[in-house]
Amino acid sequence: MKKSSIYLFFIVIFTQIYFPKIYLFSSTLSIDFLLILLTIYGLQHKRIYSIILGFAFGLCQDLVMQINLLGAFSIAKSISGYGFGVLYNHDKVWGRKIKYCYIFTLYFLHNSIYYYLKLSSWIEFHSIFKFILIQSIILLIILELVNVFLYGRKLIKWQSL
């Protein structure tokens, strides 16, 4: 792992801890910067690395934030890591729009798994659907800002099919 990756990891951890929560629809929205970091690592490294990092990030997040729901972030981030590894394998095949749709789907899946395990019922899950949708859109916007300003549009390349 490069030195810049280690610095980025500590910046993300600091931001994850101290970033303010957003109150929306009588719930709190916490931006998952570790998921964005997992996306960045998944776009740059092979699938197994993404899965292991996803599990490690999720376990740390479970132990720090959700001790009563141990494993929710671990399983959601492991599945997301697998998905980002698939994206790494198809980097030269898929166009930019397809990549963004795929990443948005992974964000939506990650948030859906987490909130389903947290709520433990489909009735409550249906009522929080727009909350998951908004959170996924915000994560995608932040990823694009990182891609443009930190990586100079090299993370998700701008080629088209």
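Now for a description of the structure that goes with this document.

Parameters at a glance
Residues numbered from 1 in each chain as written. Predicted model: local features only at pLDDT ≥ 70, side-chain atom pairs only at ≥ 80, totals over all residues. Heavy atoms only, no water. Helix = DSSP H or I, 4+ residues; strand = E, 2+ residues; numbered from the N terminus. Expected span 1.5 Å × (residues − 1). Buried < 20%, exposed > 50% of the residue type's maximum accessible area, 1.4 Å probe, protein only. Phe/Tyr/Trp six-rings, centres within 6.5 Å; stacked < 30°, edge-to-face > 60°.

## A look at helix 2 (residues 33-44)
Each α-helix winds once per 3.6 residues, and so residues spaced three or four apart point in a common direction.
Here's step 1: The end-to-end C-alpha distance of helix 2 is 17 Å, a good match for the 16 Å that twelve residues give at a rise of 1.5 Å each.
Here's step 2: Across the twelve residues that make up helix 2, a large majority, eleven, are buried.
Here's step 3: Burial in helix 2 covers these residues: Phe33, Leu34, Leu35, Ile36, Leu37, Leu38, Thr39, Ile40, Tyr41, Gly42 and Leu43.

## Things to note about the packing of aromatic side chains
Here's step 1: Enumeration according to the criterion identifies 13 aromatic pairs in this entry.
Here's step 2: Each ring, one from Phe84 and one from Tyr107, has its centre 6.2 Å from the other, and the planes form 70°; the classification is edge-to-face. Note that Phe84 is positioned in helix 4 (residues 72-89) and Tyr107 in helix 5 (residues 96-119), a separation of 23 residues in sequence. In this structure, Phe84 and Tyr107 share a single accessibility class: buried.
Here's step 3: Ring plane angle 70° and centroid distance 5.1 Å describe the contact between Tyr114 and Tyr115, whose orientation is recorded as edge-to-face. Here Tyr114 matches Tyr115 in class, with each residue buried.
Here's step 4: Through successive ring pairs, a cluster of aromatic residues spans Phe9, Phe10, Tyr41, Tyr49 and Phe57.

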